[in-house]
Amino acid sequence: MASFKRRAQFYGSLATLEDAGLPRIRALKQGHPKPFGQIAAELSETIASEGIPMAEAMRRYPAMFSAMECSLVEVGERTGNAELVFRSLADWFRLLETLRGQMITGLIYPFLQYHVAAILLPLIAYFGASITGEPITIGQAAMRCIILLGIPYAFLFFVFVVRPRLFPAGFPLPVWMSALVLRIPLVGSLVRKLDNTRFFRALALSWRSGLGTMEAVRLAADSCSNAYTRDRFRRVAEQISAEGCTFAEAYRAQLPVREQGSMVV
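In this report, we go over the structure that sits alongside the text. (Residues numbered from 1 in each chain as written. Predicted model: local features only at pLDDT ≥ 70, side-chain atom pairs only at ≥ 80, totals over all residues. Heavy atoms only, no water.)

Under the 1.5 Å per step criterion, the end-to-end length of helix 6 (residues 82–127) is 68 Å for 46 residues, consistent within 8% with the ideal 68 Å. For helix 6, the principal kink sits at isoleucine 108 and spans about 30°; a proline, proline 110, occurs within the next four residues. (Helix = DSSP H or I, 4+ residues; strand = E, 2+ residues; numbered from the N terminus. Expected span 1.5 Å × (residues − 1). Bend = angle between axes of the 7 residues up to and from the residue.)

Put into structure tokens, the structure is as follows:
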């Protein structure tokens, strides 16, 4: 999967070329960043030879283009707002790049605190042995320090090295486990804020592209990375469909108790 930055550059280039009046087949053949250069050229050839819309050609590359991207491009082509959709998608992926950076920055300080604690706790246990009456050797203290320091790196190695090799198509967590993730101090709050931001930006993008409320909510829900949050937003769409209520009413009904006072409503 291409980085958010390159994806934003790709859609930004398409928006600029679309606004300039360049035919889409030629626009796709321009010098786009890797890995989009080759894919875009193939899309152009497919569109020209088979006479199909760009969204349909994009769906033939599920590893490169998400369902949300394909659906929004399809709406843009149907409504004549392709330039708006391309520009909105570029803004969307720039936002995701910014949010990812903020999330990493927010985790740096707790990560440093953990390292300090992993070193200090075994040392305190070693030098405080005379007080506690449970003496440990310097080797045991060093081993505890190594184990504590190794835990986060082992986790990162599994997430970024082992998991992609074992599950190339992704490894989605079940809903109950995703709900537990949201209760983890600091991490849960960051994940919740990230998914809420993703949902409402995707919802705005979908509405601007011409989608109806239920379809827009379902599409925006799929942009959430946490399964529990994604299911909650999907239930909003289901309630709108079943009861004919407004988005605000359905959203309020699906809010967790701790978020009932949210200003979003």
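Overall, the coordinates contain zero disulfides when judged by the stated rule. Free of any disulfide, cysteine 245 has its nearest neighbouring cysteine sulfur in cysteine 224, separated by 19 Å. A residue is classified by how much of its surface remains accessible, and cysteine 245, at 15% relative accessible area, is buried. (Disulfide = S-S within 2.5 Å. Buried < 20%, exposed > 50% of the residue type's maximum accessible area, 1.4 Å probe, protein only.)

What follows deals with the packing of helix 5 (residues 67–79) against helix 6. Between helix 5 and helix 6, whose axes approach to 8 Å, the crossing angle comes to 155°. One finds that helix 5 runs roughly antiparallel with respect to helix 6. Here the hand of the crossing between helix 5 and helix 6 comes out right-handed. Every residue of helix 6 that contacts helix 5 at Met68, Glu69, Leu72, Val73 and Gly76 is listed here: Ala82, Val85, Phe86, Leu89, Trp92 and Phe93. In terms of residue class, the contact of helix 5 with helix 6 is built from nine nonpolar, one polar and one charged. (Axes fitted to C-alpha atoms, helices over the stretch in contact; angles between N-to-C directions. Parallel < 35°, antiparallel > 145°, perpendicular 65-115°, else oblique. Left-handed = near helix turned anticlockwise from the far one by under 90°. Contact = heavy atoms within 4.5 Å. Nonpolar A, V, L, I, M, F, W, Y, C, P; charged D, E, K, R; others polar.)

With that settled, the discussion passes to the packing of helix 10 (residues 187–208) against helix 11 (residues 213–221). Running from N to C, helix 10 and helix 11 cross one another at 140°; their axes reach a closest spacing of 8 Å. In this view, helix 10 runs oblique relative to helix 11, as classed from their interaxial angle. Crossing of helix 10 over helix 11 shows right-handed handedness. On the side of helix 10, the interface is formed by Phe199, Ala202, Leu203, Ser206 and Trp207, while helix 11 contributes Thr213, Ala216, Val217, Leu219, Ala220 and Ala221. For the contact of helix 10 with helix 11, the class distribution of residues is nine nonpolar, two polar and no charged.

So, on to the pattern of salt bridges. Taken as a whole, this structure holds ten salt bridges when the rule is applied. We note a salt bridge from arginine 94 to aspartate 91, for which the minimum N-O separation is 2.9 Å. Residue arginine 94 and its partner aspartate 91 are located together in helix 6, separated by three residues, close to a single helical turn. Note on aspartate 91: relative accessible area 32%, which makes it partly exposed. A cluster of three or more residues bridged by salt bridges with shared partners is formed by Glu18, Arg24 and Glu77. (Salt bridge = Lys/Arg side-chain N within 4 Å of Asp/Glu carboxyl O.)

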